[in-house]
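Structural features, examined
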Amino acid sequence: MTTKTQTAFVIETKQKLHISGAEAVVRCLLEEDADLIYGYPGGAIMPVYDELYKFQDKINHVLTRHEQGATHAAQGFARVTGKVGVAIATSGPGATNLITGIADAQIDSTPMVCITGQVASHLLGSDAFQETDIVGISTPVTKWNYQITKASEIPEIFAKAFYIAKSGRPGPVLIDITKDAQFETFDFEYEKCTSVRSYKAKPEVNLEEVKAAATLINSAKKPMIVFGQGVILGEAEQEFKAFIEKARIPSAWTILGLSALPTEHELNVGMVGMHGNYAPNKLTNECDLLIAVGMRFDDRVTGSLNTYAKQAKVIHFEIDPAEIDKNVKADVAVLGDVKESLAEILPFVNKNSHDEWLSNFHKLEAVEFDKVKREDLFPTKEGLTMGEVLKEINNASGGDAVIVSDVGQHQMFACRYAKFNQTKSNVTSGGLGTMGFALPAAIGAKMGVPDREVVMIAGDGGYQMTIQELGTILQTKAAVKIVVLNNEYLGMVRQWQQLFFDKRYASTEMTNPDFVAIAKGYDIAAKRVTKREDLAKSVQEMMQSKEAYFLEVCVEKENNVFPMIPTGASVSDIRLE
């Protein structure tokens, strides 16, 4: 008989599983709640796929039509959910086809774990069939990578991979697994990783730095904020909103910072950068305090560093010490998780009103409206503009859709004119500028937030780079709304050729296929719009569809995107025409 006291000391022992490395991979994914993954099978990863077949009631594997599509889909999923995206491929060309998406995730700080098969360990270095040194190839574009040659390594490495991918400044991790390690058996146990020796995920917030930043903020007469994706990655949207509203500081965003603050917020003054808004770009060189929050001062934001905000003191809120003073010297650097940093600084920041300074932004916004926006949104010429297409999408979505844009002119129009009410709603390739990103990323985004409308915006050039992913929509029934703005050009390159190369349109004019027929071939409802009177009704029809829908809008062939800062010029030299 067991007494009550004795029962308290009974310890339940968890029976160890003796399983193959391939099964361990699947069980590791389940332990990390990665029950939706994207990939493409092949010989060196086949044992893992055999286990995925056995576990298909617990884990959803989405067969993309190309391995690059798998990485972009995983990115789209990660960007809208905040979770780690997962992509899987075989060795050799399968693994190398992941590289573009991995590089994109690295520069845009997207958490992703990529799994690749590899030839058997005794064949490593022998130039075996479909062998490539994917660890060596991916080292420059991953946050961490590792090659597994023993099954017993799998649990620890997977736990570490997910921790590194998601913690601190997020990024992509690659795990390469030899085929013999997938077949080998061992006793499986899994323990989640919470720290890694020699890796400090986030610096501790220094109170003295916080107080020094607050002193500069409280004494500033013309402060300005530029916020980036760090606000979204740190889930600091509420802290950021409370901070700017208390100090009433005009706040501009980078492309990846878009949607961290509602676009209609009174302190949201628009986008900085090469094709950003006129007011925040011009006034960057007139502010007396520039506060960077979760952004990295990349060249598309700063233009010429020799003339960038030289009159201003600079505060930099940043989680990655490598970004401090890398491009722009900070007078005060507040290292740490931005959610914690902003919460710490709020009590030290005085309530303020910068109404006169804010009015300067409004005056320049009116100039931009008269010179640029009016014709973009309410055109007087016959041809359709990209801006009015975005206007109609806003009307139909109410600002509640996720907008996934590709790379080019349409991307800039989407970022400039799309309206967002909630965070994690703008998905695009920022730092790498990857054409072909949008279609697979939109599929991943829709699967990540199935209850939200996901609208993909692409040009006719980038769309064709991953057009095969229509097959993924056919198979999964992902209800993505696909909008192709067709100007029969590689529009952004053509614009530069027009402005800087005397209209020598070298290899930028496109002879396109029948996009509507192709979409219908994949069993996707499709329509082409060529006239303004058909646009609003067609957009509404697309948005009301419960299934995937393709809408081609034939826009003006030589419609340029302005404002524009020429490469290497000062932000003060922004052009309106």
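Residue positions are given per chain, counting from 1 as you read along its sequence in written order. pLDDT decides what is reported in this predicted model: residues at 70 or higher carry local features, side-chain atom pairs at 80 or more are listed and counted, and totals for whole chains, interfaces and linings draw on all residues regardless. The side-chain numbers reported here are obtained from all heavy atoms of the structure, hydrogens and water having been left aside.

Structural notes on the overall build of the chain
Secondary structure elements follow DSSP: runs of H or I no shorter than four residues count as helices, runs of E no shorter than two count as strands, and numbering proceeds from the N terminus. Across its full length, the chain holds 24 helices and 20 strands. Working rule for contacts: check all heavy atoms of both residues, and any pair within 4.5 Å makes them a contact. At a minimum sequence separation of 6, the contacts of the chain that also span at least 24 residues come to 77%. For the chain, the centre of its 59 positive side-chain charges and the centre of its 74 negative side-chain charges are spaced 4 Å apart. Within this scheme the basic residues Lys and Arg register as positive and the acidic residues Asp and Glu register as negative, but His and the chain ends are omitted. Note on charges: their place is set at NZ of Lys, CZ of Arg, CG of Asp or CD of Glu.

Examining the sheet that holds strand 11 (residues 268-271)
Any two strands are treated as partners once DSSP identifies two or more bridges connecting them. One open sheet holds the 6 strands; their spatial order is 11-10-9-12-13-14, and the pairing between them is parallel. Each edge of the sheet is formed by a strand with only one pairing partner; in this case those strands are strand 11 and strand 14 (332-335). If you compare each strand with its neighbour and ignore which way they point, the axes differ by 20 degrees on average. Sheet topology places strand 13 (residues 313-318) next to strand 14; 4 bridges connect them, and they run parallel. Axis geometry follows a simple rule: fit a line to the C-alpha atoms, using only the stretch in contact for helices, then measure angles between N-to-C directions, giving values from 0 to 180 degrees.

Thoughts on the pairing of strand 19 (residues 525-529)
Looking at chain direction, strand 19 and strand 20 (residues 549-554) are connected through 5 bridges and run parallel. Paired with Val529 across the bridge in strand 20 is Val553. Look down the strands so they point away from you; if the path from the first strand over the helix to the second goes clockwise, the crossover is right-handed. On the question of chirality, the crossover connecting strand 19 to the parallel strand 20 by way of helix 24 (residues 532-544) is right-handed.

Overview of the pairing of strand 6 (residues 144-148)
Pairing of strand 6 with strand 7 (residues 172-178), which is carried by 5 bridges, proceeds in the parallel orientation. Following the sheet pairing, Trp144 is matched in strand 7 by Val173.

Focus: the environment of Pro379
Note on placement: Pro379 falls in the loop between helix 16 (355-377) and helix 17 (386-397). Sequence separation between Pro379 and Ala506 is 127 residues; the distance between their C-alpha atoms is 29 Å. Leave out the neighbours within four places in its chain, and Pro379 touches Arg374, Thr385, Glu388 and Arg532.

Some remarks on the confidence of the model for the chain
The predictor rates its confidence in each residue with pLDDT, a number between 0 and 100. Mean pLDDT for the chain: 96, with 97% of residues reaching 70 or above. Long-range and interchain partners of residues 1-13, a stretch whose pLDDT sits below 50, account for 2 contacts in this model, where long-range means more than four residues apart.

With respect to the sheet that holds strand 16 (residues 426-428)
Taken together, the 6 strands give an open sheet; going across it, the order is 16-15-17-18-20-19, and neighbouring strands pair in parallel fashion. Strands with a single pairing partner mark the edges of an open sheet, and in this sheet they are strand 16 and strand 19. Direction aside, neighbouring strands of the sheet carry axes that sit 15 degrees apart on average. The pairing of strand 15 (residues 402-405) with strand 16 spans 3 bridges and is classified as parallel. Counted as the bridge partner of Ser405 is Thr428 from strand 16. Along the sheet, helix 19 (residues 438-448) contacts strand 15, strand 17 (454-459) and strand 18 (481-486); its crossing angle with strand 17, the most-contacted strand, is approximately 175 degrees.

Observations concerning helix 6 (residues 99-107)
Residue exposure (1.4 Å probe, protein chains only): buried if accessible area is under 20% of the type maximum, exposed if over 50%, otherwise partly exposed. Among the residues of helix 6, Ile99, Gly101, Ile102, Ala103, Asp104 and Ala105 are the ones counted as buried. At its buried positions, helix 6 is contacted by helix 4 (67-81), helix 5 (93-96), strand 5 (112-118), helix 7 (134-138) and strand 7. Positive phi appears at Ser109, one or two residues downstream of helix 6, with a value of about 55 degrees.

Describing the packing of helix 2 (residues 21-31) against helix 8 (residues 154-166)
One way to put it is that helix 2 packs onto helix 8 with a least axis distance of 10 Å and a crossing angle of 30 degrees. Considering their axes alone, helix 2 and helix 8 lie roughly parallel with respect to each other. As for how helix 2 packs across helix 8, the hand of that crossing is right-handed. Contacts from Gly21, Ala24, Val25, Cys28 and Leu29 in helix 2 reach Ile154, Pro155, Phe158 and Phe162 in helix 8. Residues that form the contact of helix 2 with helix 8 fall into these classes: 8 nonpolar, 1 polar and no charged. Each angle receives one of four descriptions, namely roughly parallel if under 35 degrees, roughly antiparallel if over 145, roughly perpendicular if within 65 to 115, and oblique otherwise. Helix crossings get a hand from a simple test, with the near helix turned counterclockwise from the far one by less than a right angle marking a left-handed crossing and a clockwise turn marking a right-handed one. Under the convention adopted here, Pro, Cys and the residues Ala, Val, Leu, Ile, Met, Phe, Trp and Tyr are nonpolar, Asp, Glu, Lys and Arg are charged, and Gly plus all remaining residues are polar.

Some details on the side chain of His72
Mapped onto the fold, His72 is located in helix 4. One polar contact links His72 to Gln68, side chain to side chain, over a distance of 3.0 Å. Polar contact is defined as a pair of N or O atoms within 3.5 Å, subject to the rule that within protein one atom must be able to donate a hydrogen and the other to accept it, and that residues adjacent in sequence are counted only when both atoms are side-chain atoms. Here Gln75 takes part through its side chain, which lies 2.8 Å from a polar atom of the side chain of His72.

Considering the packing of aromatic side chains
What counts as a ring pair is set by centres within 6.5 Å for rings of Phe, Tyr and Trp (its six-membered ring), and what kind of pair is set by the plane angle: stacked under 30 degrees, edge-to-face over 60, tilted for all other angles. Here the structure, examined in full by the defined rule, presents 13 aromatic pairs. What links up through ring pairs into an aromatic cluster is the set Phe186, Phe188 and Tyr190. Geometrically, a lysine NZ or arginine CZ counts as sitting over a ring once it is within 6 Å of the ring centre and also within 35 degrees of the ring normal. In this structure, Arg494 packs its charged tip against the face of Tyr489, placed 5.7 Å from the ring centre.

Some remarks on the pattern of salt bridges
The term salt bridge refers to a pairing of a side-chain nitrogen on Lys or Arg with a carboxyl oxygen on Asp or Glu at a separation within 4 Å. Following the criterion strictly, the structure yields 28 salt bridges and no others. The residue Glu245 makes a salt bridge to Lys241 at a minimum N-O spacing of 3.3 Å. On the criterion of helical spacing, the pair formed by Glu245 and Lys241 is a turn pair, its members being 4 residues apart in helix 12 (residues 237-247). By relative accessible area, Glu245 is classed as partly exposed at 35%. For Lys241, a relative accessible area of 29% gives the class partly exposed. In this structure, the salt-bridge partner of Lys373 is Glu365, at a minimum N-O distance of 2.8 Å. Within this structure, Arg169, Asp320, Glu323 and Lys326 form a network of salt bridges that share partners.

A short note on the nonpolar core
A general trend in soluble globular proteins is that nonpolar side chains are found buried together. Membership of the largest hydrophobic core comes to 94 residues, with the highest contact counts inside it found for Ile217, Leu290, Val293 and Ile345. Here, nonpolar core means buried Ala, Val, Leu, Ile, Met, Phe, Trp, Tyr and Cys residues that are tied together by side-chain atoms lying within 4.5 Å of each other. Counting 40 residues, the second-largest nonpolar core is a separate cluster that includes Ile148, Val173, Phe186 and Cys193.

Considering the side chain of Ser429
Examined against the element boundaries, Ser429 turns out to sit in the loop between strand 16 and helix 19. In terms of polar contacts, Ser429 uses its side chain to reach the backbone amide nitrogen of Gly433, at 3.1 Å. A distance of 2.9 Å separates a polar side-chain atom of Ser429 from the backbone nitrogen of Thr434. Ignoring sequence-local partners within four residues, the contact set of Ser429 consists of Asp104, Asp108, Ser405, Val407, Gln411, Thr434 and Phe437.

Examining the state of the cysteines
Any cysteine sulfur atom paired with another within 2.5 Å is treated as part of a disulfide. Taken as a whole, this structure holds 0 disulfides when the rule is applied. Left unpaired, Cys28 is separated from the closest cysteine sulfur, that of Cys193, by 12 Å. Assessed through its relative accessible area of 0%, Cys28 is described here as buried.

A word on the environment of Tyr38
If you trace the backbone, Tyr38 turns up in strand 2 (residues 36-39). A relative accessible area of 1% places Tyr38 in the buried class. Distance from Tyr38 to Leu63, taken between C-alpha atoms, is 6.2 Å for residues 25 residues apart in sequence.

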